[in-house]
Amino acid sequence: MYPFTTGSFAVRNGWYVAAFTHEIGEALLARTILNQPVVLYRKQDGQAVAVGGRCPHRHFPLGKSCRKGDGIVCGYHGIAFGPDGQCTDIPSQSVTPRSYHIPSYPLVEHGLWAWIWMGDAHKADPALLPDLKAIGLTAPGMAARALFVEHVKGRAQLLNDNLLDLTHLAFLHGSSIGTLDNAATPEDVVKRPGFLGSRRHMRDAEAPPVVAHMGHDLARIDRVSGMDFHLPGFHAGIDESRFPQNHERAGEAFASSRVYHAVTPETPHSCTYFFAMATTDASAIDIMEEYLRPVIAEDKFATEEIEAMLAVVGENPAELLLKSDRNAVEGRRMLQAMMDAEQVG
Ligand code: FES
Ligand SMILES: [Fe+2]
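Cut-off values and rules
- Residues numbered from 1 in each chain as written.
- Chains lettered and ligands numbered in written order.
- Predicted model: local features only at pLDDT ≥ 70, side-chain atom pairs only at ≥ 80, totals over all residues.
- Helix = DSSP H or I, 4+ residues; strand = E, 2+ residues; numbered from the N terminus.
- Rg over C-alpha atoms; globule rule 2.2 N^0.38 Å.
- Buried ≥ 20, exposed ≤ 12 C-beta atoms within 10 Å, placed from the backbone.
- Pairing = 2+ DSSP bridges.
- Core = buried A, V, L, I, M, F, W, Y, C linked by C-beta atoms within 7 Å.
- Domains from an automatic or database assignment.
- Contact = placed C-beta atoms within 7 Å.
- Axes fitted to C-alpha atoms, helices over the stretch in contact; angles between N-to-C directions.
- Parallel < 35°, antiparallel > 145°, perpendicular 65-115°, else oblique.
- Left-handed = near helix turned anticlockwise from the far one by under 90°.
- Nonpolar A, V, L, I, M, F, W, Y, C, P; charged D, E, K, R; others polar.

Novice: Honestly, the overall build of the protein in this entry has me stumped. Any pointers?
Specialist: Tallying secondary structure elements over the protein gives five helices and 18 strands in all. Taken over the C-alpha trace, the protein has a radius of gyration of 22 Å; the compact-globule value for 345 residues is 20 Å, and the two agree within 12%. On the principal axes, the C-alpha backbone points of the protein span a range of 80 × 45 × 35 Å. Taking all 345 residues of the protein together, 37% fall into the buried category.

Structure, rendered in structure tokens:
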């Protein structure tokens, strides 16, 4: 499916964000991840778990069922499942066959996020999770917060494409975080297995509207803007604003923030989008939360409009690519290679 080959939907063997950790509690939280119904909850000892969300008896949603002890009791005919997915009770009979079970998935709480592995469980290596220090989450003086969870009626790759090509900042977000320099400055790209990073170093650049919004009286600034894609579904962005070269505090950073976008495929035509940020100025997060709400809505809008367009024109529209698409095309290639390898293996 667009923009991948026919039959390629999503990488299975990789960590995806299933939820922010604060979303998971005693109550059942239902999500759809890689076309599978999933239920998340915390056991009595506080450990977060993820199991399949469909009762194998008559397909009743377990996310709309009840907790009992550390397990779930199906709301239809009362069959119970433990946190490992194994059936523990069938009210209508005395025997509970070992074969009666639902899936259970590896789930790791790491940073602000609970990460799930929907592929082969024996491949679920926590060492493959993004390094929290490297993404700036645990840097000294950084305050971080989970901000938005959006259900988007568009395929995950449309949001990945969006995040891999920040030239859109100048236009889709021209009234807030972007300027023409975002589109005009060439990017430096770093690539290694499972990782694709991009940086734009802007000198004496026009200050985007957000600089005035945060109370800085500067028309021009030096700026570093970038995004690191941790395949298959996590993007860690950096935005650092410095006083420009002719300023008495030239080179000094006056604002530094990190943004975290997690894109988790739901169905072939929808995804869940998790947005969080970290900044050196904790008091700025409240302001940024309100300021960035419409920015996230703009990306959601673009994604859903393109999905609707694809529904009209079909899965293989000719695409006129530009030089600035290099990073997005590379990201697509890397994901396609991972999906191809899974089909062979
Ligand atoms: S559908 Fe779950 S017990 Fe019957
Ligand atoms: Fe955007």
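Novice: In this structure, what is going on with the pairing of strand 3 (residues 36-42)? I would like to understand it.
Specialist: Working note: regular strand, side chains alternate between the two faces of the sheet. Here strand 2 (residues 29-33) pairs with strand 3 via five bridges, running antiparallel. Counted as the bridge partner of R31 is V38 from strand 3. Hairpin connection between strand 2 and strand 3: a loop of two residues separates the two successive antiparallel strands, and L34 in this loop has a positive phi of roughly 50°. Pairing analysis gives five bridges linking strand 3 to strand 4 (residues 48-52), with the strands arranged antiparallel. If you follow L40 over to strand 4, its bridge partner there is A50. In this antiparallel pair of consecutive strands, strand 3 and strand 4, the connection spans five residues, and G46 shows a positive phi of 95°.

Novice: It is not clear to me how the nonpolar core should be interpreted in this structure. Could you clarify?
Specialist: Here is a general trend for soluble globular proteins: nonpolar side chains tend to be buried in one another's company. Ranked by internal contacts, the top residues of the largest apolar core, which has 76 residues, are A18, L40, A50, A114 and I116. Looking at which element gives the most residues to this core, the answer is strand 18 (residues 270-279), with seven residues. Three or more residues apiece are contributed to this core by two domains, here domain 1 (15-123) and domain 2 (132-344). Those residues in contact with A18, other than ones at most four positions away along the chain, are R31, I33, V38, L40, A50, L107, A114, W115, I116 and T264.

Novice: Which parts of the structure should I look at to understand helix 1 (residues 156-164)?
Specialist: In an α-helix, one turn spans 3.6 residues; hence positions three or four apart end up facing the same way. With nine of nine residues buried, helix 1 is to be regarded as a mostly interior element. All of the buried residues along helix 1 are A156, Q157, L158, L159, N160, D161, N162, L163 and L164.

Novice: So what exactly am I meant to see when it comes to the packing of helix 1 against helix 4 (residues 284-313) here?
Specialist: If you want to describe how two helices pack, look at the angle between their axes and the distance between the axes. Contact geometry of helix 1 with helix 4 gives a least axis separation of 9 Å together with a crossing angle of 130°. It follows from the interaxial angle that helix 1 and helix 4 lie oblique. As for how helix 1 packs across helix 4, the hand of that crossing is right-handed. Touching L158, L159 and N162 of helix 1 are D299, A302, T303, I306 and E307, all from helix 4.

Novice: Mind showing me how you'd approach the sheet that holds strand 13 (residues 188-192) here?
Specialist: Across a sheet, strands are paired by hydrogen bonds formed along the backbone, either parallel or antiparallel in direction. On the basis of which strands lie adjacent, the open sheet formed by seven strands has the order 12-18-17-16-15-14-13 and antiparallel pairing. Here the strands that pair on one side only, and so sit at the sheet edges, are strand 12 (143-152) and strand 13. Taking the axes of each pair of neighbouring strands and ignoring which way they run, one obtains an average angle of 15° across the sheet. Packing of helix 4 onto the sheet brings it into contact with strand 12 and strand 18, and relative to strand 12 it is tilted by some 25°. The strands that helix 5 (residues 326-344) touches are strand 13, strand 14 (195-206) and strand 15 (220-230); relative to strand 14, the one it contacts most, it runs at about 170°.

Novice: How should the sheet that holds strand 11 (residues 113-117) be read in this particular structure?
Specialist: Within the open sheet, the three strands sit side by side as 1-11-10. Their pairing is antiparallel. Sheet topology places strand 1 (15-20) and strand 10 (107-110) at the edges, where each strand pairs with a single neighbour. Sheet twist, expressed as the average angle between the axes of neighbouring strands with direction ignored, equals 35°. Here strand 10 pairs with strand 11 via four bridges, running antiparallel. In the strand pairing of strand 11, H110 is matched with W113.

Novice: Sorry, what's going on with the domain arrangement of the protein here?
Specialist: A common measure of how large an interface is: the accessible area buried when the components associate. If you check the domain split of the protein, you get domain 1 (15-123) and domain 2 (132-344). Each of domain 1 and domain 2 was reduced to a C-alpha centroid, and the two centroids are 32 Å apart. Contacts between domain 1 and domain 2 engage 13 residues on the former and 16 residues on the latter. Those elements giving two or more residues to the side of domain 1 that touches domain 2 turn out to be strand 1 and strand 2. Considering only residue class, the side of domain 1 that touches domain 2 consists of eight nonpolar, four polar and one charged.

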